[in-house]
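# Examination of the molecular architecture
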Amino acid sequence: MDYRLFDADNHYYEVEDAFTRYGDDEVKRFVRWVSEGKRRHILFGNVMQTLVPNPTFNPITKPGAFHARLKELESGGGERGSTAVGMNDKSRYGVLEQLPAHYQERDSRLKVMDEQGLEGAFLFPTLGVGVEGLNAGNVRMTYKAFRAFNQWVEEDWGFAYQDRLYSAPAIPVLDPVEAAKELELVLSRGARIVVLRPGPANGRSPADPVWDPFWSLLNDSGVPAAYHTYGGGDAYDDAFRMLWQRHGQGDPAYEGNLRYSLFAGDRPMIDTAVALVLGNVFGRFPRLRVMSIELGAAWVPYVLHTLDHAGGIVDRHIRAFGEVVEELPSEVFKRHFWVAPFPEEDIAALAGLIGVDHVLFGSDFPHAEGTEQPADFARYLDRLDPADGKKIMRDNALALLRPPTF
């Protein structure tokens, strides 16, 4: 390739004081490290974070350790289940390494990006995307903890460091007033993207007009919102227990698979996309842009179908909060959403569905589920014209850093 790349899904590994360095004494009592033998865990309130098995990140899995296996499974090959080679012991995580400096230091990361051919990247949390739902009933402390976390993000990584690293402050979607306050603050500090948890907004639709001040800030600023996969406990767990385990638990293996298949995976982004479009958020805020990051693309065809079949079996009348959605809902989606597919998915098919200009390259580096190196993603674009490949690998993400053109 004769151009440098822009990765829409890069990650850092948080340092141990990421949530406490800028927190007051109350935050430091709320966020605590505890030891269990040789292992260390982090608590938020009295709830242990479980998304990251080793929140110290040292040692750590090498980038792309799972990629070949995921590609094999997606194509229908490979042995499945606990008898599969390397899937029933410690080797499932690949060869561990001592934590490299560039996973936690921005200048070291820029040097590695030069070697990788990366012009820039959107940076997302690792630990930080599994925390918001742990204490949904304690809204005040959750926002205080994330206020401290976002100060750390700005300090250690920068919201637009050297116009190459664009770190996303994380804003809980638990309370519309507190969320708008935090958004206003990070925008004033130069945030170029923000990251949100997909799914319901703590018992409300994200399209409810109480959230309009929040969306208005993004609309007016031109800053896009990135919905990123979420791995912590949340209301989906409560819903599963109420609907499927009301009479007690049965087979843990079966119910674990059922919970993931019904209430994790694609479900949160499906819910979010349908709620925003049918709620006419984009009619009220026509400059708003939304990214789907590390959520794949398998859900997109279903959403397009669902949107265009809403509003009654015969009349298809879309009305929300006193307004009518006159445009075909799928066209609203195609104008306002950008999707980062998994590399093992059919990227050319996604481009045909929503337009190549709305497909993003995301490597998930340095996580085990992504590609070993960011540029490896390009090998899965062989069915696309080189000019379209360049849009996915660079131009589309860069365009999201500029004011919207619609």
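Here, every reference points to the structure presented above.
All values reported here derive from a predicted model rather than from experimental measurement.

### Description of the overall build of the chain
Secondary structure assignment for the chain yields 14 helices and 14 strands. Relative to the globule expectation of 22 Å for 406 residues, the C-alpha radius of gyration of the chain, 21 Å, shows essentially globular dimensions. Dimensions of the chain along its principal axes, counting C-alpha atoms only, are 60 × 50 × 50 Å. Per-residue burial over the chain gives 52% buried out of 406 residues.

### A word on helix α4 (residues 139-156)
Compared with the 26 Å implied by 1.5 Å per residue over 18 residues, the 26 Å span of α4 between its first and last C-alpha is a close match. Here α4 has its buried residues at Met141, Thr142, Tyr143, Ala145, Phe146, Ala148, Phe149, Asn150, Trp152, Val153 and Asp156. Structurally, α4 contributes buried residues whose contacts are with α1 (25-30), β2 (31-36), α3 (106-116), β8 (165-167) and α5 (176-188). Note on α4: the residue one or two positions beyond its end, Gly158, has a positive phi of about 85°.

### Side note on the sheet that holds β8
If you trace the three strands from one edge of the open sheet to the other, you get β1-β7-β8, paired in parallel fashion. The open sheet is flanked by β1 (5-11) and β8, the only strands paired with a single partner. Ignoring which end each strand starts from, the neighbouring axes of this sheet average 20° apart. Relative to strand β7 (residues 118-124), β1 runs parallel, the two sharing five bridges. When the sheet's bridge partners are listed, Asp7 is paired in β7 with Ala121. Those strands touched by α3 are β1, β7 and β8, and its axis lies near 135° from that of β7.

### A closer look at helix α11 (residues 300-308)
For α11, the complete set of buried residues consists of Val300, Val303, Leu304, Leu307 and Asp308. The buried residues of α11 occupy one face: seen down the axis, they fall within an arc of 120°. Residues of α11 that are buried in the fold lie against α9 (267-278), α12 (329-336), β14 (337-339) and α13 (347-354).

### Observations regarding the sheet that holds strand β9 (residues 194-196)
Either a parallel or an antiparallel arrangement is found when strands of a sheet pair, and the pairing is made through backbone hydrogen bonds. If you trace the four strands from one edge of the open sheet to the other, you get β9-β10-β11-β14, paired in parallel fashion. Of all strands in the sheet, those bounded by a partner on one side alone are β9 and β14. Averaged over all adjacent pairs, the angle separating strand axes in this sheet is 30°, with direction ignored. Relative to strand β10 (residues 225-228), β9 runs parallel, the two sharing three bridges. Pairing of Leu196 across the sheet is with Tyr227, part of β10.

About the cut-offs
Residues numbered from 1 in each chain as written. Predicted model: local features only at pLDDT ≥ 70, side-chain atom pairs only at ≥ 80, totals over all residues. Heavy atoms only, no water. Helix = DSSP H or I, 4+ residues; strand = E, 2+ residues; numbered from the N terminus. Rg over C-alpha atoms; globule rule 2.2 N^0.38 Å. Buried < 20%, exposed > 50% of the residue type's maximum accessible area, 1.4 Å probe, protein only. Expected span 1.5 Å × (residues − 1). Contact = heavy atoms within 4.5 Å. Pairing = 2+ DSSP bridges. Axes fitted to C-alpha atoms, helices over the stretch in contact; angles between N-to-C directions. Arc of directions from axis to C-beta.

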